[in-house]
Structure formats: C-alpha cells, structure tokens
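# Chains, contacts and geometry: an overview
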Amino acid sequence: MKALVYHGPGRKAWEDKPKPDIKVPTDAIVKILKTTICGTDLHIMKGDVPEVTDGRIIGHEGVGIVEETGGAVSSFKKGDHVLISCITSCGKCEYCKKGMYSHCIDGGWILGNLIDGTQAEYVRIPHADNSLYPIPGGADEEALVMLSDILPTGFECGVLNGQVKPGDTIAIVGAGPVGLAALLTAQFYSPAEIIMIDLDDNRLEVAKTFGATQLVNSGDGKAVEKVMTLTGGKGVDTAIEAVGVPSTFEICEAIVTAGGHIANIGVHGKSVTLHMETLWSKNISITTRLVDTVTTPMLFKTVQAQKLAPRKLITHHFRLDQVVEAYETFGNAAKEKALKVILTA
C-alpha cells in the first residue's frame, strides 16, 4: 500500500509500505476513505514529538470501511463504515475505567505516534470495539472526520477543562481548527462574550462567522492590552490556549481574571514561563489534557441532529496521494486560507 512516512524533522515521503495485518484478536484493519492533517502532525514534522521515529506512518484521524477483524471483535464486521478515534482505548484498564482513555495502558494516542497511522490506504486499529464508531447510512463522512480529534479536543481540553459557564467571558488564543472547534462547542454553554485572538485576519473573520463576539489581532504585540480594554480591566473567566507556543500561553496568563481558568490545548515543544509572581494570589486554575474522546458519542449525536456543523471547518480537498501537497497547503495556512483539509482515497 501507499502511505505518508515520517523520516525525521522536516522529512516525509509518500511511499510503499506493507499493508497492515491483524496482530491480536482485538484488532481491525480499516481501508481509509477520508483522512486529514492535524496541527499535531505539523508539530511531529518539526520534531516536537520525539517519540515519533523514522519510518512511522503519520495521521490519527479518518473514516473508512472495515476490511478485516480479529476473532475477538464483536461490534464490527467487514464492510462496516466507521469513524476512527484518534485515541485507542482498551476499555478495561484503570485509566479507561476513569474515562482517561488518553492514558490507556495499552492504547492512548498511539496512532501516527507509537504505531502506524491513518495517512495511508489501510490502517490497523487496536481494540477496535472501543476505538471505532459506526457511521449510519447517509451520514456526511467528511464532516465526521472532524469528530476523530479536533471537536472532542476543543471541547474536552478547552471548554470542559476551562469550566465555561453561561454568561462567562472567554478568550480563545489561536483561531486554527482546534481553536475554532473550541469556539463552536463553547456555545453549548452560552458564554456572554467569546474573544478570538490570532495573528491572521482571515481566520479571525472566519471565527466571527462561527460565533466569536470580539476579534483581536495579536500581530502588534498588544493582545493583552486589547483584551483588558474589552473586559473593563478585569480579564476573562476562561482563557483557552490553542496554539502551543510560549507567547500564546503567556497571553493567557496575562488576561485571566481572578478565580479564572487557563485551559491548555496546544502541543508544546518548548518550555513556557509560569508567572507565579502575578498568579499566586489570583485563585487561578491551570489545566492540561490530552483528549480522551469520552465526549465523541455526544458530539456525534449533535452533528447528526444538525446542532453542530463541523463541515464549516473544511476548506481544501485533495486526493490521498496528494498528501505532500496538502501538507504544504496546511503548513502555510495563512497564505492559503486553510483550516482543515480532506484527503480522499
């Protein structure tokens, strides 16, 4: 089969790899129909995730058709259309029983990280019964790709960890796909103000159409000053970091109000400065999280009921064998006005 293979920082290739096979009875082999590229994949390509080694097939999102199942798989059969979760869950270990699937002792975020992933013609899915979701006939499979990762990530790591409540003022730093997913799902809780902060005016305008009430371009270095002006000097109840660089985390530290929450989503490849000299007395909660995908079934229902429209996040389409070109587009998002790309096999 063909697959996108990582060969170290800055090096990738679309090349031949062996088609995966069943290794244990709980596995399934899925033929990829549609997949996408994640901001985390860009971090991998920069070398920010050292666990990813030379030769790894990248990708952890997608929908497909079950090609083969192990003898212990009971919920799926050959020919089923399925959504692939970015998080693999055994469903039995201590962490899974706590709903912390991301820390599953035989799973977690392993696709495109510790095992081969979804930017390929076929992928092996461990613990298939707990790591796949059936797709009903007639569903919008492109929209459902957004449920593999970014929608539960924005919701769980940003909105839920940030304890967004009705009437709150929240700020989301980073109007990329995950930041926009946090924006979409924050509206479940009716915050009074949603301030979107980004360097890119195009993404800010997109955020406005998605429900942002205030837009702040941080390119002049005055994002903190602008947010404090918008909030009457108080700051925001929840600051969601959705980029993963030191400067955006420091913005969150500077704009959060007393008793507020900083919810980190971003994948950080470098240390950040924790300003305890100003935060120690402010009753601040700082949370980190790798998405657990425990909310995927609920989000699936909201998409099916047309209460959530993730298709709006899709801006570009490519064939799967154009994945290298797709990386160039996604990696130059401001120039290309790209949010999520869909790769179709």
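Look a little higher up for the structure.
Residues numbered from 1 in each chain as written. Predicted model: local features only at pLDDT ≥ 70, side-chain atom pairs only at ≥ 80, totals over all residues. Heavy atoms only, no water.

Within the chain, N283 stands out as a residue other than glycine whose phi angle is a positive 55 degrees. You can see N283 is positioned in the loop between α10 (276-279) and β13 (285-287). The class of N283 is exposed, set by a relative accessible area of 63%. Backbone geometry places Q306, a non-glycine residue, at a positive phi of 60 degrees. Here Q306 is to be found in the loop between α11 (296-304) and β14 (314-319). (Helix = DSSP H or I, 4+ residues; strand = E, 2+ residues; numbered from the N terminus. Buried < 20%, exposed > 50% of the residue type's maximum accessible area, 1.4 Å probe, protein only.)

Further remarks concern the nonpolar core. Membership of the largest hydrophobic core comes to 64 residues, with the highest contact counts inside it found for L144, M146, L147, I172, L180, L183 and M196. In terms of residue count, the dominant contributor to this core is helix α6 (residues 177-186) (7 residues). I172 has contacts with G179, A182, L183, I194, I195, M196, I197, I240 and A242, leaving out every residue within four places of it along the chain. Counting residues in hydrophobic clusters, the runner-up holds 17 residues, among them A171, I195, I251 and V256. (Core = buried A, V, L, I, M, F, W, Y, C linked by side-chain atoms within 4.5 Å. Contact = heavy atoms within 4.5 Å.)

So, on to the packing of aromatic side chains. Per the counting criterion, the structure on display carries 2 aromatic pairs. With a centroid separation of 6.3 Å and an interplanar angle of 15 degrees, the aromatic rings of F155 and Y189 are classed as stacked. Linking F155 in helix α5 (residues 150-160) with Y189 in the loop between α6 and β9 (193-198), this pair joins segments that are 34 residues apart in sequence. Through a chain of ring-to-ring contacts, the aromatic side chains of F155, F188 and Y189 assemble into a single cluster. Over the aromatic face of Y122 sits the side chain of K19, whose NZ or CZ is 4.2 Å from the ring centroid. In this structure, K312 packs its charged tip against the face of F210, placed 4.6 Å from the ring centre. (Phe/Tyr/Trp six-rings, centres within 6.5 Å; stacked < 30°, edge-to-face > 60°. Lys NZ or Arg CZ within 6 Å of the ring centre and 35° of its normal.)

A word on the pairing of strand β12 (residues 256-264). Across the 9 residues of β12, 7 count as buried, placing the element largely inside the fold. Of the pairings in the sheet, the one linking β12 to β13 comprises 3 bridges and is parallel in character. Across the sheet, A263 pairs through a bridge with T287, a residue of β13. (Pairing = 2+ DSSP bridges.)

Okay, the pairing of strand β11 (residues 236-241) next. The element β11 is extensively covered by neighbouring structure, given that 5 of its 6 residues are classed as buried. Of the strand pairs in this sheet, strand β8 (residues 169-173) and β11 are connected by 4 bridges, and their pairing is parallel. Following the sheet pairing, I172 is matched in β11 by I240.

Turning to the packing of α6 against helix α7 (residues 201-210), a few remarks are in order. Between α6 and α7, whose axes approach to 10 Å, the crossing angle comes to 20 degrees. Taken together, the axis directions place α6 and α7 in an arrangement best described as roughly parallel. Handedness of the crossing formed by α6 with α7: right-handed. Counting all contacts with α6, which are made through P177, L180, L183 and L184, the residues of α7 involved are R203, V206, A207 and F210. Here the contact of α6 with α7 is built from residues that sort into 7 nonpolar, no polar and 1 charged. (Axes fitted to C-alpha atoms, helices over the stretch in contact; angles between N-to-C directions. Parallel < 35°, antiparallel > 145°, perpendicular 65-115°, else oblique. Left-handed = near helix turned anticlockwise from the far one by under 90°. Nonpolar A, V, L, I, M, F, W, Y, C, P; charged D, E, K, R; others polar.)

Strand order in the open sheet formed by 6 strands is β10-β9-β8-β11-β12-β13, and the pairing between neighbours is parallel. Single-partner strands in this sheet number two, and they are β10 (214-217) and β13. The mean inter-strand angle of the sheet, taken between neighbouring strand axes irrespective of direction, is 15 degrees. Bridge count between β11 and β12: 5 bridges; the pairing is parallel. Along β12, the bridge assignment pairs E241 with N264. Helix α8 (residues 223-230) contacts β9, β10 and β11 of the sheet and is inclined by roughly 160 degrees relative to β10.

Read these as spatial facts, not as claims about activity.
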